[in-house]
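Analysis of the macromolecular model
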Amino acid sequence: LEVQLAHDGMALVDADGAMLDAGANLALAGDELIQFGRAARIGPGRWRLTRLLRGRRGTESAAGAQAVGDRFVMIEPDALVPIDLPIAALGTEIRLLASGVGDLTGPAEAALTLAGGSVAPPAPVDLRWVPQPDGGAVLHWTRRSRAGWGWADGGDVALVEGDERYRVILPAREEITAEPLIAITAAERAVGGAISVRQIGALAESRAATTTIPE
């Protein structure tokens, strides 16, 4: 990934594995959160980033969707300012104004639609099929947690959502299940088609994890 910084006085630095594991070099590239291990200056204000960790914190759906001219923003914890908004604001457009010392033309303005990414669980992963003797199958998956980005030995990540529920949409039916699995009948398997699985969070649903019914 090559990025152009605002001016040549800015610099990016390398990070080893331990630093990356601790969250170093987290950046927003387009709509995808990445981390980078190596940064090489290749021109005035221009840097080439390698040893990338992609789709961080549940942004894997935006991986590879970047285009020339997309935003690149370093995410520095000490520079973040949380803004609490009511849940009713989800799905609406908000305007942000920011001003600083030395601004001559008034505050900078931005508008965005609140999609709820920070309050929605990440999409399930590791969708896998287990064939059954009757010709059907059982689809299993692994949940994730919006509070479980770090590695924790010896235990699962916290659920956070209050209760565990999933919305599973098959070609001919929709089911809500409290377990990370669903049975597919032999008739449904014969027809085939796509399946989507979303975790239902306390405030929003995850993005869909999708797969195809095996023949």
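Placed above this text is the structure.
About the cut-offs
Residues numbered from 1 in each chain as written. Predicted model: local features only at pLDDT ≥ 70, side-chain atom pairs only at ≥ 80, totals over all residues. Heavy atoms only, no water. Phe/Tyr/Trp six-rings, centres within 6.5 Å; stacked < 30°, edge-to-face > 60°. Helix = DSSP H or I, 4+ residues; strand = E, 2+ residues; numbered from the N terminus. Buried < 20%, exposed > 50% of the residue type's maximum accessible area, 1.4 Å probe, protein only. Pairing = 2+ DSSP bridges. Axes fitted to C-alpha atoms, helices over the stretch in contact; angles between N-to-C directions. Salt bridge = Lys/Arg side-chain N within 4 Å of Asp/Glu carboxyl O.

**Describing the packing of aromatic side chains**
- Counted by the stated rule, this structure contains one aromatic pair.
- Taking the centre distance of 5.3 Å and the plane angle of 75 degrees together, the rings of W141 and Y166 count as edge-to-face. With W141 in strand β9 (residues 137–142) and Y166 in strand β10 (residues 166–169), this residue pair connects regions lying 25 residues apart in the sequence.
- Residue classification places Y166 among the buried residues on the basis of a relative accessible area of 0%.

**Digging into the sheet that holds strand β8 (residues 125–131)**
- Ordered by their spatial adjacency, three strands build an open sheet running β8-β9-β12, and the pairing between neighbours is antiparallel. A single partner strand is all that each edge strand has here, and the edge strands are β8 and β12 (181–184). Geometrically, the sheet is characterised by an average inter-axis angle of 20 degrees between neighbouring strands, direction not taken into account.
- Where β9 and β12 come together, four bridges link them in antiparallel fashion. Along β12, the bridge assignment pairs A137 with I184.

**A word on the pattern of salt bridges**
- For the structure on display, the rule yields 15 salt bridges.
- Where D163 meets R165, a salt bridge forms, and the shortest distance between an N and an O atom there is 3.7 Å.

Take it as geometry only, folks, not as evidence of what the structure does.
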